[in-house]
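Results of the structural survey
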Amino acid sequence: MSGDLRTDLIAAAKHFYDRGWMVGTAGNLSSRLDDGSFWITASGRQKGKLTATDFIRMNLDGIILEQPDPDSRPSAETSIHLAVYQSFPEAQACYHVHSIEANLVSRLATGDAVSLPAIEMLKGLGVWEENPQVSMPLFTNYFSVPKIAQEIGELFAISPPQVPALLIRDHGVTVWANSPATAYNYIEIVEYIFRYMVTARQSILDYTF
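Here goes a summary of the coordinates provided.

Cut-offs used in this document
- Residues numbered from 1 in each chain as written.
- Predicted model: local features only at pLDDT ≥ 70, side-chain atom pairs only at ≥ 80, totals over all residues.
- Heavy atoms only, no water.
- Helix = DSSP H or I, 4+ residues; strand = E, 2+ residues; numbered from the N terminus.
- Polar contact = N/O pair within 3.5 Å; in protein donor to acceptor, adjacent residues only side chain to side chain.
- Contact = heavy atoms within 4.5 Å.
- Buried < 20%, exposed > 50% of the residue type's maximum accessible area, 1.4 Å probe, protein only.

**Thoughts on the side chain of His96**
With respect to the element layout, His96 can be found in strand β5 (residues 93-97). There is a polar contact of 3.0 Å between the side chain of His96 and the side chain of His98. A distance of 3.1 Å separates polar atoms of two side chains, one belonging to His96 and the other to His171. Residues contacting His96, with those up to four places away along its chain left out, are Met22, Gly27, Asn28, Leu29, Glu77, His171, Gly172, Val173 and Thr174.

In structure tokens form, the structure reads like this:
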């Protein structure tokens, strides 16, 4: 990690953009400072070409503390990051990307959770069990993002997730971790699992999730 968290966020965004997970201006990344505030990507910025001015520093009350570009505004999904940080005080980074596989998995899943396959990669999300039965919470993609954030906060207050990730139907995945480097790994692991699930669905007719 570098001294400026934004440098790490810029590198992560470029990698995810190159993978096709943050096309156009899609997705958003944030990371917390020692005082609890966090840098988050500004709305409408192309994630493959971010600079330090493409971030806004906010506190956990949703108040802007630092705005390098006075014309910028916080990501439209800031409320989801706030819900994650408020639900998990130990979280130091929150990453949200949009991939084709995530959207396909969310379309094919039923109910309010996605059952994950019991494959080795689950260890990368902290699941160290033999033949684990693990699911990822699935939320409705309301037009009003604060409504999504409210449902996330309400669910996690009574039922913490089994893995540090959530999926929004027809939208994308969000992960959180105790460092930007770990959040980076979580995104790659989750996207691998989604890719596995879609491939299995295509090649094994009775595979369901």
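**Regarding unusual backbone geometry**
Of note, Asn131 is a non-glycine position whose phi angle comes to about 50°, a positive value. One can find Asn131 in the loop between β6 (113-116) and β7 (134-139). The class of Asn131 is exposed, set by a relative accessible area of 58%. The residue Asp170 is not glycine, and still its phi comes out positive at about 55°. Within the element layout of this structure, Asp170 appears in the loop between β8 (165-168) and β9 (172-177). For Asp170, a relative accessible area of 36% corresponds to the partly exposed category.

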